[in-house]
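Chain by chain, the residues:
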Amino acid sequence: MVAHLMRMKLAITVNGWKKSTGQMILAILFMAYLLFVVVMLAVGAWFMPELETEMRGTILAFAGALAVLGWIVIPVFFTGVDLTLDPANFATFGIPTRKLVPGLAMAGLVTIPGAATLLGFLASTLAWRDAPGAMLLAVGTTVLGAVFCLCISYAVTGLLAGITGQRRIREIMSIVAFIPLMLAGVIISGIADSVQAAVEQLPGLAQVLAWTPLGSFTAAPWALAEGRFLTAALQGLLCLVWVGGAVLLWQLAVDLSYAKGRGAGPASTKTQSGLGLLGIFPGTPAGAIAARSMLYWLKDPRYSASLVVLPLMLVLFWFLGYQSGDYTMILLMGPITGFMLGYSISADISYDGSAFALHVTSGVSGRDDRVGRVGSLLAWGIPVTLLFTVATVWMAGGWNLLPGLIGLGLGALLTGAGVSALVSARFIYPVPPPGASPFATPEGGGMRMMLISVGAMVVVGALTLPELVLYIVALVTGNMLFQWLTLVVGLGLGAVLLWLGIRMGGRWFNRSQAETYQSVLAATG
């Protein structure tokens, strides 16, 4: 079972690279980069015996904790999980979960991130090459650490995705889990008043981490190297306990996934009467599309999950201002909000999936499609951007900066929406299917999605430079005229770019509906 799943995962990965020469080149470059990082880690670990034992143990404990946190946080909030290892795909084969989970874990180790993690952990053992016993223990605990990273990552994402009937609970859990990450720097800075004080506290913090799932895997050899044999034995046993607990959590997630695949759970009998949002928006093709898009924002977690970061950033900036007494940084929230909201509809057609066929068969024009999707965003995006801008100006007490910040925020929103109107009609890439976890990333979609996202964001940033330059001039000179010029240029240039984006995106939509639909089907599998 284990060998079969590993061979299957390798075959799927290689076949995915063969679909596109560009994708294969990017995969090779990515592997070369990760190999370079692992080599640098090995070189650094090779010279670590020159450090004191306590310093080595402290560094490795924090490095291990960073790796574990990365495997928990990054898949949940950024890249998603590999859907080729989705247990729901195996539900119809009747494979017991106690056999499936170990196989999936080993298959995860042959993925690029999994293999890089394993090699990175093993490279850290070179730090104990002057203590053979500690190095031997490190080999065992670091292998367990790599396995733990995989298991806990899939367990957390699987459990979050498994609460499919309670989407709002899942989103609340995501926010609660993300808050400590966003405020990590603030929390650490509150612990120590100076860099020297923080450095002095690091060994003590590392000793605490050594008894947790974050630091046990790289800290157990530290205890053995210092002659604390009982501590080393207990921490080594804890490594086994952590891995066993992660496997059990993953098995629970797999069981939930199996139940979902078999259609377990009561059927909903809730009904709704009336036209709903369709009765509020204009009775035109663009109005119907706007109403449907608004429903996406209200009920589809793939849309709303991407905006969780906005209130958290507001909390972070406020907290930093509260500590320092300077709330200048919080003034960035208005422009950041406009920028993120404008780009948020760049994958609209990709999210439609096979339902995009309705647009093709009904003869919806490109203009109506673009206007409907953009109109839905602007209907609530403009008030939200204004709210964040005014609220943060009030908190910072900088009312003289309000005109320029509104120009920056709304300019970024309109410009981003215009770029998205073109990008979503021109570029299609794999996204989580309807009903799937918003944290999932289909096989082969991560690299293409990253390239398109970065490219589009760079374009939006470049197009908003005129109002940004005017705002900087206003700050430097203190002349209110430039504040009002920023507002006028932001709104005017943003409106023009929005019109161009809708026009160009609509033309592309009309010209290549069939090709776009084929790309959507290929992306959604």
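Residues numbered from 1 in each chain as written. Predicted model: local features only at pLDDT ≥ 70, side-chain atom pairs only at ≥ 80, totals over all residues. Heavy atoms only, no water.

1. So, the overall build of the chain
Note the following rule: Here a strand is any run of E in DSSP of at least two residues, a helix any run of H or I of at least four, and the numbering for each starts at the N terminus. Exposure is judged per residue with a 1.4 Å probe applied to protein chains only, and the accessible area is read against the type maximum: over 50% gives exposed, under 20% gives buried, and values in between give partly exposed. Any two residues whose heavy atoms approach within 4.5 Å are treated as being in contact. Areas reported here follow the Shrake-Rupley algorithm with a probe of radius 1.4 Å; residue values treat only the protein chains shown as occluding.
Looking only at helices and strands, the chain has 23 helices and 0 strands in total. Residue burial in the chain is summarised as follows: out of 525 residues, 45% are buried. Long-range contacts, defined as pairs at least 24 residues apart, comprise 78% of the intrachain contacts of the chain with a sequence gap of at least 6. For the chain, the accessible surface area stands at approximately 25,200 Å², while carbon and sulfur atoms represent 73% of it.

2. Thoughts on the side chain of Thr117
Assignment of secondary structure puts Thr117 in helix 5 (residues 112-124). The exposure class assigned to Thr117 is buried, which follows from its relative accessible area of 13%.

3. A few points about the packing of helix 19 (residues 402-426) against helix 22 (residues 480-511)
In plain terms, the rule: Here an axis means a line fitted to C-alpha atoms, over the contact stretch when the element is a helix, while the angle between two N-to-C directions is reported on a 0 to 180 degree scale. The labels follow the angle: roughly parallel below 35 degrees, roughly antiparallel above 145, roughly perpendicular from 65 to 115, and oblique for the rest. When residues are grouped by polarity, Ala, Val, Leu, Ile, Met, Phe, Trp, Tyr, Cys and Pro land in nonpolar, Asp, Glu, Lys and Arg in charged, and all others, Gly among them, in polar.
At their nearest, the axes of helix 19 and helix 22 sit 7 Å apart, and the two run at 10° to each other. Our classification of the angle between helix 19 and helix 22 gives roughly parallel. When its residues are assigned to classes, the contact of helix 19 with helix 22 shows 20 nonpolar, 11 polar and 1 charged.

4. Some words on the pattern of salt bridges
Under the convention used in this document: Salt bridges, as used here, are contacts in which a Lys or Arg side-chain nitrogen is within 4 Å of a carboxyl oxygen on Asp or Glu.
For the coordinates displayed, the defined rule picks out 8 salt bridges. The salt bridge partner of Asp352 is Arg292, with a shortest N-O separation of 3.4 Å. One end of the pair, Asp352, is in helix 16 (residues 348-352); the other, Arg292, is in helix 12 (residues 285-299), and 60 residues separate them in sequence. Assessed through its relative accessible area of 3%, Asp352 is described here as buried. The partner of Arg373 in a salt bridge is Asp348, with the nearest N and O atoms 3.6 Å apart. Linking Arg373 in helix 18 (residues 366-396) with Asp348 in helix 16, this pair joins segments that are 25 residues apart in sequence. Note on Arg373: relative accessible area 3%, which makes it buried. Taken together, the shared-partner salt bridges in this structure form one network comprising Arg292, Asp348, Asp352, Asp369, Arg370 and Arg373.

5. Comments concerning the packing of helix 15 (residues 333-343) against helix 19
Taken N-terminus to C-terminus, the directions of helix 15 and helix 19 make an angle of 10°; their axes are 7 Å apart at the nearest point. For the element pair helix 15 / helix 19, the angle class is roughly parallel. The segment helix 15 lies against helix 19, with Gly334, Pro335, Gly338, Phe339, Leu341, Gly342 and Tyr343 engaging Leu405, Leu408, Gly409, Ala412, Leu413, Gly416, Ala417 and Ser420. The residue makeup of the contact of helix 15 with helix 19, split by class, is 9 nonpolar, 6 polar and no charged.

6. Considerations on helix 15
Among the 11 residues in helix 15, 8 count as buried, and that is most of the element. Buried within helix 15 are the following residues: Met333, Gly334, Pro335, Thr337, Gly338, Leu341, Gly342 and Tyr343.

7. Here's the deal with the environment of Ile289
Turning to its location among the elements, Ile289 is positioned in helix 12. In this structure, the C-alpha to C-alpha distance between Ile289 and Val364, residues 75 residues apart in sequence, is 9.6 Å. In this structure Ile289 touches His359, Val364, Asp368, Asp369, Gly372 and Arg373, once residues within four positions along its chain are discounted.

8. Details of the packing of aromatic side chains
Let me state the cut-off plainly: Pairing of aromatic rings covers Phe, Tyr and Trp, the last counted by its six-membered ring, and requires centre-to-centre distances within 6.5 Å; plane angles under 30 degrees mean stacked, over 60 mean edge-to-face, and any other angle means tilted.
Applying the stated rule across the entire model yields 4 aromatic pairs. Aromatic pair Phe148 and Phe217: ring centres 5.1 Å apart, planes at 35°, arrangement tilted. Highlighted residues: Phe148 in helix 6 (residues 132-162) and Phe217 in helix 10 (residues 216-225), separated in sequence by 69 residues. The same class applies to Phe148 as to Phe217, namely buried. With centroids separated by 5.0 Å and ring planes inclined at 65°, the aromatic side chains of Trp297 and Trp380 adopt a geometry described as edge-to-face. Linking Trp297 in helix 12 with Trp380 in helix 18, this pair joins segments that are 83 residues apart in sequence. The pair Trp297 / Trp380 is uniform in exposure class, with both members buried.

9. Some details on a nonpolar patch on the surface
Note the cut-off: Note on patches: the residues involved have over 30% relative accessible area and no salt bridge, like charges join within 9 Å, and the nonpolar side chains Val, Leu, Ile, Met, Phe, Trp and Tyr join within 5 Å.
A contiguous nonpolar patch, built from Phe30, Tyr33, Leu35, Phe36, Val37, Val39, Met40, Leu41, Val43, Trp46 and Phe47 and spanning about 1,000 Å² of accessible area, is present on the exposed surface. Tracing the backbone through its elements, the reader meets Tyr33 in helix 2 (residues 21-46).

10. Things to note about the side chain of Ser344
Following the sequence through the fold, Ser344 ends up in the loop between helix 15 and helix 16. Judged by its relative accessible area of 16%, Ser344 is buried. Here Ser344 is in contact with Trp297, Leu307 and Leu377, once residues within four sequence places are set aside.

11. Concerning the nonpolar core
What counts here: We define a nonpolar core as any set of buried Ala, Val, Leu, Ile, Met, Phe, Trp, Tyr and Cys residues linked to one another through side-chain atoms lying within 4.5 Å.
Membership of the largest hydrophobic core comes to 48 residues, with the highest contact counts inside it found for Trp297, Met333, Leu341, Val374, Leu377, Trp380 and Leu498. Contributing elements (two or more residues each) for this core: helix 12, helix 14 (309-324), helix 15, helix 18, helix 19, helix 20 (446-463) and helix 22. Ranked by residue count, the leading element in this core is helix 19, at 11 residues. Setting aside anything within four residues of it in sequence, one finds Leu377 in contact with Trp297, Leu341, Gly342, Ser344, Ile345, Leu413 and Ala417. In terms of nonpolar packing, the next biggest core, distinct from the first, is built from 24 residues, Phe121, Tyr154, Phe217 and Trp250 among them.

Limitation: the analysis is restricted to geometry and does not speak to function.
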